[in-house]
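A look at the structure
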Amino acid sequence: MDVLRACQAFVHVSERGSFTGGAAAARMPQSVASRRIAALEQHFGERLFDRSSRRATLTPFGRSMLPSAKRLVRLAEDMEHEAERAKLSPLRLAVPDICATHDLARLAAVARRHDVYLDFQPAGPAERAELVRSYEVRAALTAVPATEAVWSVPLGLAAATPPRASAISLESLRVGRADRARWRRIWVQPEDDVPHVRDRITRARDAVGLLPAQVAVATALTTAAAEVLSSTDLLLCSAKQAEQLALHWRPVGGVELVRGFAVSANSRDDAERVRTRLWPDIADCLGAQPSSVAAR
């Protein structure tokens, strides 16, 4: 027996003195309300209503049970209200600080259609992981190697002027003794200053004989972009970022560089909510290619 629904029928019928009116107020058919009240009477072993009159009149036992039934119904209604409020409570999510405002706004709007209300905390890779550990956010999009990624973003090199080739090989950046004053640098932005990206580009630099200074880590994306826009230097970035910065992007020939993201959260429910409900929209926000993303 559903005690709560039976008590709802009992309370509404008693308030209106009618099985028809009480059933309508409880939003159930009259036959269902009657069955539920009968089941409640059978459960207690006493009648709640005197059915000898045309009105639904409470018996002495019914009058004794009504206050408890009202408390139960009121508590259930309060719980429903609190559940709705909890669903509206923002899920604070740490995101890469390279995400554009309009992309985050679109992600937040889509999330609301899935009953997820996001509150963003932009931060760098190390800070995002720490924000989850310190419980300052409920979840974060953390930087991980491609093998562990839920969202994968291919990286390439972007320049202020269109490169002639369809891909940029690192060997083409090698300079001779006479050209040392004109060597080009590859700028690594803070989002990619993580071992699985930084170390890979550094090893590739050494393998083709570039100068150590030809791969530099910038203190901020703005700084790196300014260097590239004012010179022949290159920015390591995604195709989406290059478009936003009005740069010309090409993949790196012979080297696969990937920016990987996963969800880290203190609650499994929060992690699943972000990963499953918002997977394609987060992919779009990060600039992940659909073919390179695996839903998990």
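Residues numbered from 1 in each chain as written. Predicted model: local features only at pLDDT ≥ 70, side-chain atom pairs only at ≥ 80, totals over all residues. Heavy atoms only, no water.

1. Let's talk about the overall build of the chain
Helix and strand content of the chain: 11 helices and 12 strands. Since a compact globule built from 296 residues should have a radius of gyration of about 19 Å, the 32 Å found for the chain marks it as more spread out than a globular shape. Principal-axis analysis of the C-alpha atoms places the extent of the chain at approximately 110 × 30 × 25 Å. The buried share of the chain, reckoned over its 296 residues, is 42%. (Helix = DSSP H or I, 4+ residues; strand = E, 2+ residues; numbered from the N terminus. Rg over C-alpha atoms; globule rule 2.2 N^0.38 Å. Buried < 20%, exposed > 50% of the residue type's maximum accessible area, 1.4 Å probe, protein only.)

2. Some remarks on the packing of aromatic side chains
Under the criterion given, the structure shown has 3 aromatic pairs. Both rings, one in phenylalanine 10 and one in phenylalanine 49, keep their centres 5.7 Å apart while their planes meet at 80 degrees; by these two values the pair is edge-to-face. Taken together, the residues phenylalanine 10 in helix α1 (residues 3-16) and phenylalanine 49 in strand β1 (residues 49-50) connect sequence positions 39 residues apart. No difference in accessibility class separates phenylalanine 10 from phenylalanine 49, as the two residues are buried. Relative to phenylalanine 61, the ring of phenylalanine 44 lies with its centre 6.1 Å away and its plane at 65 degrees, an arrangement referred to as edge-to-face. With a gap of 17 residues between them, phenylalanine 44 in helix α3 (residues 30-44) and phenylalanine 61 in helix α4 (residues 60-88) connect regions that are remote in the sequence. The class of phenylalanine 44 is partly exposed, set by a relative accessible area of 35%. Of the aromatic side chains, those joined through ring pairs into one cluster are Phe10, Phe19 and Phe49. (Phe/Tyr/Trp six-rings, centres within 6.5 Å; stacked < 30°, edge-to-face > 60°.)

3. Focus on the environment of phenylalanine 19
By secondary structure assignment, the location of phenylalanine 19 is in helix α2 (residues 19-25). For phenylalanine 19, a relative accessible area of 16% puts it in the buried group. Residues phenylalanine 19 and alanine 56 lie 37 residues apart in sequence; the distance between their C-alpha atoms is 6.6 Å. Filtering out sequence-adjacent residues up to four positions away, phenylalanine 19 remains in contact with Val13, Gln30, Ser34, Ile37, Phe49, Arg51 and Ala56. (Contact = heavy atoms within 4.5 Å.)

4. A look at the side chain of serine 14
One can find serine 14 in helix α1. The buried category is assigned to serine 14, whose relative accessible area is 17%. A polar side-chain atom of serine 14 sits 2.7 Å from the main-chain carbonyl oxygen of valine 11. Dropping the residues within four chain positions of it, serine 14 is found in contact with Phe49, Leu58 and Leu66. (Polar contact = N/O pair within 3.5 Å; in protein donor to acceptor, adjacent residues only side chain to side chain.)

5. Description of helix α8 (residues 221-229)
Taken together, the buried positions of α8 are Ala224, Ala225 and Val228. For α8, the arc enclosing every buried residue in end-on projection is 95 degrees, short of the 170-degree limit, so these residues lie on one face. The secondary structure elements touched by the buried residues of α8 are β6 (151-159), β8 (186-188) and β10 (234-238). (Arc of directions from axis to C-beta.)

6. Brief notes about the pattern of salt bridges
Under the defined criterion, the tally for this structure stands at 17 salt bridges. One salt bridge in this structure joins aspartate 233 and arginine 185, with 3.1 Å as the shortest N-O distance. Of this pair, aspartate 233 sits in the loop between α8 and β10 while arginine 185 sits in the loop between β7 (168-169) and β8, and the two are 48 residues apart along the sequence. Classification of aspartate 233 by relative accessible area gives buried; the value is 4%. Relative accessible area serves as the criterion here: at 23%, arginine 185 is assigned to the partly exposed category. Salt-bridge contacts for arginine 198 lead to aspartate 193; the nearest nitrogen and oxygen are separated by 2.8 Å. Assessed through its relative accessible area of 24%, arginine 198 is described here as partly exposed. Counted as one network, the salt bridges with shared partners bring together Asp103, Arg106, Lys240 and Asp284. (Salt bridge = Lys/Arg side-chain N within 4 Å of Asp/Glu carboxyl O.)

7. Focus: the packing of α1 against α3
Running from N to C, α1 and α3 point in directions that differ by 105 degrees, and their axes come no closer than 8 Å. Accordingly, the angle class assigned to the pair α1 and α3 is roughly perpendicular. Between α1, through Arg5, Ala6, Cys7, Ala9, Phe10 and Val13, and α3, the contact on the second element is made entirely by Ala33, Arg36, Ile37 and Leu40. Grouping the amino acids of the contact of α1 with α3 by side-chain chemistry returns 8 nonpolar, no polar and 2 charged. (Axes fitted to C-alpha atoms, helices over the stretch in contact; angles between N-to-C directions. Parallel < 35°, antiparallel > 145°, perpendicular 65-115°, else oblique. Nonpolar A, V, L, I, M, F, W, Y, C, P; charged D, E, K, R; others polar.)

8. Regarding the pairing of β10
Here is the key point about a regular strand: its side chains alternate between the two faces of the sheet. Extensive coverage of β10 is indicated by the burial of 5 of its 5 residues. Neither face of β10 is exposed, since Leu234, Leu236 and Ser238 on one face and Leu235 and Cys237 on the opposite face are all buried. As paired strands, β6 and β10 are joined by 4 bridges and run antiparallel to one another. Its bridge partner lying in β10, alanine 158 is registered against leucine 235. (Pairing = 2+ DSSP bridges.)

9. Observations regarding the nonpolar core
In this structure, Leu118, Phe120, Leu141, Trp151, Ile282 and Leu286 are the most contacted members of the largest nonpolar core, which totals 29 residues. Within the residue set of this core, elements represented by two or more residues are β3 (91-96), α5 (101-113), β4 (118-123), β5 (139-144), β6, β12 (258-265), α10 (268-277) and α11 (279-286). In contact with isoleucine 282, other than residues within four places in its own chain, are Leu107, Leu141, Trp151 and Val274. (Core = buried A, V, L, I, M, F, W, Y, C linked by side-chain atoms within 4.5 Å.)

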